[in-house]
Amino acid sequence: MSEVPAWAARLRTERLRPDRMWSLSRMARELRTAAGDRAPVAHPESLRRQIRGWEHGEHRPDERYRTLYAVVFDVPEHELFAGTDAAPTLAVEESAKLASLADVPRVEDVLARVVSGTGRRVGAGTVVALESRVHALRLADDVVPGGELVEPAFRQLDQAVSLYRDSSHREDVGRAMLGVLAELAQVAGWIAADAGQAARAASTYRLGLSAAREAGDPALESNLIGSLAYLTTNGPTPDAALDLAQAAVELANRSASPRARALAWDRMAWAQARVGVTGLATRALGEAATALTEAGPAPERPWLYWVSAGESQVMEARAYTELRRPLRAIPVLARVLDAYDTSHARELALYLSWLAVAFADAREPEAAAATAGRMFDLSDGMASHRTAERARTVLSRLSPYRADVPEVAELWERHRASTTEHTPTAPSA
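Residues numbered from 1 in each chain as written. Predicted model: local features only at pLDDT ≥ 70, side-chain atom pairs only at ≥ 80, totals over all residues. Heavy atoms only, no water.

Undergrad: Got a minute to help me understand helix H2 (residues 24–35) in this structure?
TA: Relative to the 16 Å expected for 12 residues at 1.5 Å per residue, H2 spans 17 Å between its end C-alpha atoms, a close match to the ideal helical length. Buried residues along H2 sit against helix H1 (6–15), helix H3 (44–55), helix H4 (63–73), helix H18 (345–361) and helix H19 (365–379). Among the residues trailing H2, Gly36 stands out with phi positive, at a value near 55°. (Helix = DSSP H or I, 4+ residues; strand = E, 2+ residues; numbered from the N terminus. Expected span 1.5 Å × (residues − 1). Contact = heavy atoms within 4.5 Å.)

And the structure:
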């Protein structure tokens, strides 16, 4: 088992503390803000790579950065960087990831308060605690890549399934628990997909689908089927997703949620674009945009918090990029990304990849290379299967320009060097 110094473990744990949950980019911004004009620090993307190296224990920050860390975390420097002893990498990851979900009551603690008599009886308070933990995981996924979050997510899912199976509860509480299980399965499946575990994601979506169906929640059922459709669409047989996407639309149309309908139609649009059906993809995009203008319940379901006009426009641009219509995609992506939340580094990197491909298809290789460079800055070393796949797609689309456009050749060399740098070496005998 690889080991890291205890101080490196502290840096990572502090960054992922429940009241922070900072991405590497956010950590870099905090250090730069603390430095102000008093001490020069590295460029944000270079600093982000240094932070990752420090947290892995590859080298120790110099005195300037140690001081800045102490200011940002409000921890005395001698405590933060005490000791040179090593801690197992697994233990570091476990403590940091578990800490990221520790801002809500533990299910076991809630159970201790609601258990009565000789059996484990679960009440509404447990459901509320579970809902809070699911939403905490959902928010963590916004800033932490799947490769780092997948095992904590599945521990949460296993605990929730055991809780439902091994406890007694009223019928209404049981139905609510099934709904929370379905939500948790959707989040865990999404994280597994980002970690490159497609089979695990698919089986988890199916588990959630069964729970949503038994809970009698068509909007949530639509989300699970739509998630499975999206996973299938991005796989080797995208046409197999069309029936799933249609089923998600039909279920969403039975719900009272405009955002659920918009989400289902966006996934239908993506499936149609992937198989090259322009007319149906365009119609689905129109349906999604229309749904978002409709009045719905207030407030909307928590798991739909991210569905917005901006995200729908990104899907529109992605669909047109997939259909090789870059002149329709570029203005939309450029406008949305100009105001995109930079703390969501993975999504920003993914969306930049679509813009890079659109520029390449528009025969603007220099602009494509510059955009891809921004994507590589954001995703360098990121534990996300999706960003790695998109990087390969971008390079493939730029391949025809490699010999004649210096910016493209430089991008290829950068990717080759980065891949070599992050390839683990075999341990010596």
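There's more to say after this.
Undergrad: Can you help me understand the packing of aromatic side chains in this one?
TA: Two numbers describe a pair of aromatic rings. These are the distance of the centres and the angle of the planes. Under the defined criterion, the tally for this structure stands at 8 aromatic pairs. Aromatic pair Trp7 and Phe81: ring centres 6.1 Å apart, planes at 40°, arrangement tilted. Taken together, the residues Trp7 in helix H1 and Phe81 in the loop between helix H5 (77–80) and strand E2 (86–88) connect sequence positions 74 residues apart. The exposure class assigned to Trp7 is buried, which follows from its relative accessible area of 4%. What links up through ring pairs into an aromatic cluster is the set Trp7, Trp54, Tyr65, Tyr69, Phe73 and Phe81. Geometry around Phe154 places Arg200 over its ring, the cationic atom sitting 3.8 Å from the centre. One residue, Arg318, lies across the ring of Trp270, its end atom 4.4 Å from the ring centre. (Phe/Tyr/Trp six-rings, centres within 6.5 Å; stacked < 30°, edge-to-face > 60°. Buried < 20%, exposed > 50% of the residue type's maximum accessible area, 1.4 Å probe, protein only. Lys NZ or Arg CZ within 6 Å of the ring centre and 35° of its normal.)

Undergrad: So what exactly am I meant to see when it comes to the pattern of salt bridges here?
TA: Two side chains bearing opposite charge may form a pair once their charged atoms approach each other closely. Within the structure shown, the criterion is met by 27 salt bridges. The residue Arg138 makes a salt bridge to Glu183 at a minimum N-O spacing of 2.6 Å. Note that Arg138 is positioned in helix H8 (residues 124–143) and Glu183 in helix H10 (residues 171–194), a separation of 45 residues in sequence. With relative accessibility at 6%, the residue Arg138 sits in the buried group. The salt bridge partner of Asp172 is Arg170, with a shortest N-O separation of 3.0 Å. By relative accessible area, which is 43% here, Arg170 ends up partly exposed. A single salt-bridge network, built from bridges that share partners, covers Asp141, Asp194, Arg346, Glu347 and Arg386. (Salt bridge = Lys/Arg side-chain N within 4 Å of Asp/Glu carboxyl O.)

Undergrad: Would you take a moment to explain the confidence of the model for the protein chain for this structure?
TA: Chain-level pLDDT for the protein chain is 84 on average; 86% of the residues reach the 70-or-more range. The secondary structure element of the protein chain with the lowest average pLDDT is helix H6 (residues 89–100), at 34, and the one with the highest is helix H14 (residues 258–274), at 96. Counting contacts from residues 85–119, a segment whose pLDDT is below 50, to residues more than four positions away or on other chains yields 70 contacts. For the stretch residues 422–429, pLDDT sits under 50, and the model shows 3 contacts to residues farther than four places along the chain or on other chains. (pLDDT = per-residue confidence, 0-100.)

Undergrad: Explain the packing of H14 against helix H16 (residues 309–322) here, please?
TA: When two helices pack together, their arrangement is given by the angle between the helix axes and the distance between those axes. Following both chains from N to C, one finds H14 and H16 inclined at 10°, their axes separated by 9 Å at the closest point. Compared by their axis directions, H14 and H16 come out roughly parallel. Touching Asp266, Trp270, Ala273 and Arg274 of H14 are Ser312, Met315, Arg318, Ala319 and Glu322, all from H16. Of the residues that constitute the contact of H14 with H16, the class distribution is 4 nonpolar, 1 polar and 4 charged. (Axes fitted to C-alpha atoms, helices over the stretch in contact; angles between N-to-C directions. Parallel < 35°, antiparallel > 145°, perpendicular 65-115°, else oblique. Nonpolar A, V, L, I, M, F, W, Y, C, P; charged D, E, K, R; others polar.)

Undergrad: What's the story with the side chain of Asp141 in this structure? I'm lost.
TA: Along the polypeptide, Asp141 turns up in helix H8. Residues within four places of Asp141 in sequence aside, it is in contact with Leu149, Trp190, Ile191 and Arg346.

Undergrad: Hey, could you run me through the environment of Val4 in this one?
TA: Mapped onto the elements, Val4 comes out in strand E1 (residues 3–5). We classify Val4 as buried; its relative accessible area is 6%.

Undergrad: Help me understand a negative patch on the surface, please; the structure alone is not making it clear to me.
TA: Among the surface-exposed residues, Glu364, Glu366, Glu407 and Glu410 lie close enough to one another that they form a single negatively charged patch. Take Glu407: it is sitting in helix H21 (residues 406–421). What makes Glu407 partly exposed here is its relative accessible area of 37%. (Patch = residues over 30% accessible without salt bridge, like charges linked within 9 Å, V, L, I, M, F, W, Y side chains within 5 Å. Areas by Shrake-Rupley, 256 points an atom, 1.4 Å probe, with all protein chains shown as cover. Lys, Arg positive; Asp, Glu negative; His and termini not counted. Charge placed at Lys NZ, Arg CZ, Asp CG, Glu CD.)

Undergrad: Any chance you could explain the environment of Arg133 here in plain terms?
TA: Looking at the secondary structure, you find Arg133 in helix H8. Relative accessible area serves as the criterion here: at 11%, Arg133 is assigned to the buried category. For the pair Arg133 and Gln156, spaced 23 residues apart in sequence, the C-alpha to C-alpha distance is 8.4 Å.

Undergrad: What should I look at first to understand the environment of Arg155 in this one?
TA: With respect to the helices and strands, the residue Arg155 is situated in helix H9 (residues 146–166). Judged by relative accessible area, Arg155 falls into the partly exposed class, the value being 25%. The spatial distance from the C-alpha of Arg155 to the C-alpha of Ala188 is 9.6 Å, given a sequence separation of 33 residues.

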